[in-house]
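If you want the building blocks of each chain, they are given just below.
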Amino acid sequence: MITSCRANTLAALILIDFQLVMATTLCTLLATTRNEMSKKTDTKHLKLRGNIWWYQRRVPKHLINHYPDQSFIQVSLDTGDIREARKKRAIINGELESKSLRTTTKTEGQRFWELVREMERDRKNHP
């Protein structure tokens, strides 16, 4: 037989456990909701004009040579669906990153050949 003191303690523990479970569930639910909300509002570099989504952003400084006389990159994504627009935005961002890497690689390659030429000159001048 459970004494009333033990019963009260058990009831208090059950209540605390229930509150802990509810608090954990609420935190998880809020985090999931925030994550879903951020997915719903993820429109970076996307503009809705009429019913069509457009990709729009400033030309990155390291790619100005690829876009002369332009301060913005603007591309129609030919879709009214935000999910499809996000996929197309990811593709365009990937292409820009690829251009960036190719530009960097060329610069590093040019530096490499300059160093090779300098070493050859040093070898000739200082045998």
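Rules used throughout
- Residues numbered from 1 in each chain as written.
- Predicted model: local features only at pLDDT ≥ 70, side-chain atom pairs only at ≥ 80, totals over all residues.
- Heavy atoms only, no water.
- Pairing = 2+ DSSP bridges.
- Helix = DSSP H or I, 4+ residues; strand = E, 2+ residues; numbered from the N terminus.
- Axes fitted to C-alpha atoms, helices over the stretch in contact; angles between N-to-C directions.
- pLDDT = per-residue confidence, 0-100.
- Salt bridge = Lys/Arg side-chain N within 4 Å of Asp/Glu carboxyl O.
- Buried < 20%, exposed > 50% of the residue type's maximum accessible area, 1.4 Å probe, protein only.

Caption draft 1: View of the sheet that holds strand β1 (residues 46-49). Spatially, β1-β2-β3 is the arrangement adopted by the three strands of the open sheet, whose pairing is antiparallel. Looking at which strands have only one partner, the edges of the open sheet turn out to be β1 and β3 (72-76). Along the sheet, successive strands turn relative to each other by an average axial angle of 30°, direction set aside.

Caption draft 2: How the structure looks around the confidence of the model for the chain. Across the chain, the average pLDDT comes to 77, with 64% of residues at or above 70. Across the chain, the element-wise mean pLDDT spans from 57 in helix α1 (residues 4-40) up to 95 in strand β2 (residues 52-58).

Caption draft 3: Region of the structure containing unusual backbone geometry. A positive phi angle, near 65°, is found at His45, a position not held by glycine. Position of His45 among the secondary structure elements: in the loop between α1 and β1. Positioned with a positive phi, Asp69 is a non-glycine residue whose angle comes to about 60°. Structurally, Asp69 is set in the loop between β2 and β3.

Caption draft 4: Local environment of the pattern of salt bridges. Using the criterion set out here, one finds two salt bridges in the structure. When the shortest N-O distance is used, the salt bridge between Asp42 and Arg89 registers 2.8 Å. Placement of Asp42 in the loop between α1 and β1 and of Arg89 in helix α2 (residues 82-125) is noted, with a sequence separation of 47 residues between them. Judged by relative accessible area, which is 9%, Arg89 ranks as buried. Two residues, Asp81 and Arg83, come together in a salt bridge whose shortest N-O distance is 3.6 Å. Take Arg83: its relative accessible area is 57%, and that puts it in the exposed class.

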